[in-house]
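Structural overview for review
Read off the chains here:
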Amino acid sequence: MTPGASGGLIFDAEVRRGSFTLAVTLTAAAGQVLGLLGPNGAGKSTLLSAVAGLTPISAGRIALGGQVLDDADAGSFVEASGRPVGFVFQNYRLFPHMTVAENVAFSPRARGLGRRAAKSAARHWLDRLGLADLAGRKPDQLSGGQAQRVALARALAGQPELLLLDEPLSALDAGTRLDVQTELKNHLAAFTGPCLLVTHDPLEALVLADRLIVLENGRIVQEGTPGQVARQPATDYVAKLVGLNLYTGRADASQVALTEGGTFIIADQNLRGDVLVALRPSAVVVSSQHPQPSSARNTWPAKVTGLTLLADRVRLDLQGQPPALVDVTPAAVAELSLSPGSQVWLTVKATDLEVYTRAHSHPALTDPHHSPPSTHHSCRQRQKTDPRD
Amino acid sequence: MVTRTAPSHLTARERARRIARGGASRSVPAPLLAPALIAVAFLVLPLAGLLIRAPWGHLGAALSGSDATQALTLSLWTSTVTTGISLVIGVPLAWVLARTSFPGQRLLRALVTLPLVLPPVVGGVALLLAFSRVGFVGRYLDYWFGLTIPFTPLAVIMAETFVAMPFLIITVEGALRSADQGFEEAAATLGATRITVFRRVTLPLIAPSLGAGAVLCWARALGEFGATITFAGSFPGQTETMPIAVYYALETNPDAAIALSLVLLLVSVVVLVSLRDRWLRGGSVQ
């Protein structure tokens, strides 16, 4: 079943804004929550804006359920007010001069219902999202979580066929975020159309999205289920986001020669050629002296260059061949008397190394720790001409 | 080498004030203080003169002895009609200037702003040339409809609108420019057409500025003199507004002139008080 025919979204377009170009091809099926993950300035919000009709595209087309929303070549364009789209904005943009009920009734009224019908449509959505008690309040009398629900109710009350959420939880404090996130997940599950969810919070993406697209500098750099993206990140950005070490190298008979120096012994003997190696920071053992021979196959010296206290552990930044981020307990830090400059030995079991071939070469990967943003711009051309492919 | 300053006396009260508010000395240097005081005196003394010379004992008699009631009534209703007309046609123009772009827009904005700096009497002459019985528009109004505008209350309203409407337009245009367009985008994604967005989102959001602009426009219309006397003349009960009545009374009956001036001063103070939150605190117009 193609996404376009069954109420799905097809986005195959370019948006040029000054020197920035967003060039993305994606589809989202009805009922699917597609997470758009990426750093600031990656083009996530631009993409939503183009789908909503707030920004016309420069080339290509956007279609929803077989109906063209924007076609740059044919010159056709559906105005934002004519698109069956519900948009939950980053700061919600609730109308400050209207009550909660009036905010939620706005879309039914604007889409042609009479005053009374719009009111009862609003009441339906207020009840459904548990907002009935807040109906008479003004937006400045709402907590962050309540405002988020009102924004969702307002978007859903227009009975959209497509839902767009721009960082729906970023305005919330950490305490309420988890509750609202769980609630949002339930409401998204009940929505029958496709849903695009923009976030730069990996946890939010992992919890809420059925499928993830990672955007960097206006291009898709990875696409897959949240599990795939988290386990096998394609770029250094994603790896950092999900808290993994990511190395590039060349595999040859259970050995990987790493681009930035050093060698890993891996479990898989059949891999050949360019590979990515992902390593969980908690899978690395730190010793103050050269460890006794053991079943762990990888041991190398390193120097502590930084310590960061996380919630329940300490993240060590280590220089060596290769460098690594390693998580240890605060007790271990005290026992090994670790401080910047300490010389240690790192040990990793071959089976803890997640090794996978690159889906496609990406110039940023040649130097994952110091990738200048400018290398991303030429990614398409480089992919074709890269001799390693 | 920094020269050391000997400690000077700092009262406990001044010390406490500086701790609470922060910041260094707030004493005013003499080169700034003297001109500032002259400016204050210049602005306050004339008003004081008005209050001192006022015929407090027989204020009522001074007012009734002139055409005060007639003039005040005419001034109040023409200013109000002027404000209404300015809202109906000026606000849409402000929206066009703020939210669209087209060739010649800068020229149009300059033309709209011109009456703000143009001597009002020139505006009156211009209105006369256009709408008098031999003017290039008035000629046809007279020929087709038998309508003669100059020296009628309608002429008063036209003169006041010409001079006062730009104040409203400029205020509202500024508010529209600085308004958060995110709300309008949100309204568009909720299915609202541009006119619905204007009516239900844009206008309510700029309501405070709309009110300020309307009051400003009304006050300017109330004080209009030059364009009105040129275009509408000064027929008591017909076109003689308060400022014109004051001007003529000063020659024949100074007490009445002062009493009329006090009435206008009172109206101005009321206007100022109604806008105190917006202007007297030095904040910007939202």
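This is a predicted model, so every value here is computed, not measured.

Secondary structure assignment for chain B yields 15 helices and zero strands. For chain B, the C-alpha radius of gyration of 25 Å lies well beyond 19 Å, the compact-globule estimate for 286 residues. If one aligns the C-alpha atoms of chain B with their principal axes, the spans along those axes are about 85 × 65 × 35 Å. Evaluated residue by residue, chain B yields a buried proportion of 32% over its 286 residues.

With that out of the way, let us pick up the overall build of chain A. For chain A, the count of helices and strands is 11 helices and 21 strands. Overall, the C-alpha framework of chain A stretches about 80 × 50 × 35 Å when taken along its three principal axes. The 389 residues of chain A split such that 41% are buried. Of the contacts formed within chain A by residues at least 6 apart in sequence, a portion of 65% connects residues at least 24 apart.

Take the sheet that holds strand β5 (residues 67-71) of chain A next. Consider a sheet: its strands pair through backbone hydrogen bonds, and that pairing is either parallel or antiparallel. All names here are of chain A. In spatial order, the strands read β2-β1-β4-β5-β6; together these five strands make up an open sheet with antiparallel pairing. Every other strand in the sheet has two partners, leaving β2 (20-28) and β6 (76-77) as the edge strands with one partner each. Taken together, the nine bridges between strand β1 (residues 9-17) and β2 define a ladder with antiparallel strand orientation. Note on β2: the bridge partner recorded for Val15 is Leu22.

Quick look at the pairing of strand β12 (residues 245-252) of chain A now. All names here are of chain A. Burial runs high along β12: six of the eight residues are buried. Note: β12 against strand β15 (residues 272-279), eight bridges, orientation antiparallel. If you follow Arg250 over to β15, its bridge partner there is Asp274. The pairing of β12 with strand β13 (residues 255-258) spans four bridges and is antiparallel. In the sheet register, Asp252 faces β13, and the bridge partner there is Gln255. What sits between β12 and β13 in their antiparallel hairpin is a turn of two residues, with Ala253 showing a positive phi close to 45°.

Glancing now at the packing of helix α11 (residues 207-222) of chain B against helix α14 (residues 254-274) of chain B. Residue and element names in this part refer to chain B. For the pair α11 and α14, the least separation of the axes is 11 Å and the interaxial angle reads 170°. Classed by the angle they form, the pair α11 and α14 counts as roughly antiparallel. Touching Val215, Ala219 and Leu222 of α11 are Val267, Ser268, Val271 and Ser274, all from α14.

Along the chain, the position of Gln90 of chain A falls in the loop between β7 (85-88) and α2 (100-110). Those residues in contact with Gln90 of chain A that lie beyond four places of it in its chain are Asp166, Glu167, Ser170 and Ala171 of chain A.

On average, chain B scores 88 in pLDDT, and the residues at 70 or more come to 95%. Per the prediction output, this complex has pTM 0.75; the corresponding ipTM is 0.76.

The next thing to look at is the sheet that holds strand β9 (residues 195-199) of chain A. Residue and element names in this part refer to chain A. On the basis of which strands lie adjacent, the open sheet formed by six strands has the order β7-β8-β9-β3-β10-β11 and mixed pairing. The sheet terminates laterally at β7 and β11 (219-224), the two strands that pair on one side only. Strand-to-strand twist across the sheet, computed as the mean angle between neighbouring axes with direction ignored, equals 20°. Here four bridges tie strand β8 (residues 162-166) to β9, and the two strands are oriented parallel to one another. Within the sheet, the bridge partner assigned to Leu165 lies in β9 and is Leu197.

To continue, consider helix α5 (residues 174-190) of chain A. Along its 17 residues, α5 of chain A runs 25 Å from first to last C-alpha, staying within 8% of the 24 Å computed at 1.5 Å per residue. Along its buried surface, α5 of chain A packs onto β3 (33-37), β9 and α6 (202-208) of chain A.

Another point: the interface of chain B and chain A. Listed as interface residues are 14 residues of chain B and, on the opposing side, 16 residues of chain A. When contributions to the side of chain B that touches chain A are tallied by element, the ones reaching two or more residues are α9 (182-189) and α10 (194-205) of chain B. Per-element accounting of the side of chain B that touches chain A gives the leading share, six residues, to α9 of chain B.

All right, on to unusual backbone geometry then. Residue and element names in this part refer to chain A. The step from Gln321 to Pro322 runs through a cis peptide bond, and the omega angle for that step is 0°. Looking at the element boundaries, Pro322 is found in the loop between β18 (314-320) and β19 (324-328). Its identity is not glycine, yet Arg93 carries a phi of approximately 50°, on the positive side. Exposure remark for Arg93: the 23 C-beta atoms within 10 Å place this residue in the buried category. Although it is not a glycine, Ser254 sits at a positive phi angle of roughly 60°. With 16 C-beta atoms packed within 10 Å, Ser254 lands in the partly exposed category.

Looking now at the environment of Gly136 of chain A. Residue and element names in this part refer to chain A. Inspection of the secondary structure assignment puts Gly136 in the loop between α3 (115-128) and α4 (144-157). Among the residues examined, Gly136 registers 10 C-beta atoms within 10 Å and is labelled exposed. Measuring from C-alpha to C-alpha, the distance between Gly136 and Leu246 comes to 52 Å, with 110 residues separating the pair along the chain. Leave out the neighbours within four places in its chain, and Gly136 touches Thr99 and Ala101.

The next thing to look at is α11 of chain B. Since the α-helix packs 3.6 residues into each turn, any two residues three or four apart lie on the same face. Residue and element names in this part refer to chain B. Taking 1.5 Å of rise per residue, 16 residues should cover 22 Å, and α11 covers 22 Å from first to last C-alpha, within 8% of that figure. Extensive coverage of α11 is indicated by the burial of 12 of its 16 residues. For α11, the full list of buried residues reads Ser209, Leu210, Ala212, Gly213, Ala214, Leu216, Cys217, Trp218, Ala219, Arg220, Ala221 and Leu222.

With that settled, consider the environment of Val277 of chain A. Residue and element names in this part refer to chain A. Take Val277: it is sitting in strand β15. The spacing of Val277 and Gln146 is 131 residues in sequence and 43 Å in space, taken between C-alpha atoms. Here Val277 is in contact with Tyr247, Gly249, Val256, Phe264, Leu353 and Val355, once residues within four sequence places are set aside.

What counts and how
Residues numbered from 1 in each chain as written. Chains lettered and ligands numbered in written order. Predicted model: local features only at pLDDT ≥ 70, side-chain atom pairs only at ≥ 80, totals over all residues. Helix = DSSP H or I, 4+ residues; strand = E, 2+ residues; numbered from the N terminus. Rg over C-alpha atoms; globule rule 2.2 N^0.38 Å. Buried ≥ 20, exposed ≤ 12 C-beta atoms within 10 Å, placed from the backbone. Contact = placed C-beta atoms within 7 Å. Pairing = 2+ DSSP bridges. Axes fitted to C-alpha atoms, helices over the stretch in contact; angles between N-to-C directions. Parallel < 35°, antiparallel > 145°, perpendicular 65-115°, else oblique. pLDDT = per-residue confidence, 0-100. Expected span 1.5 Å × (residues − 1).

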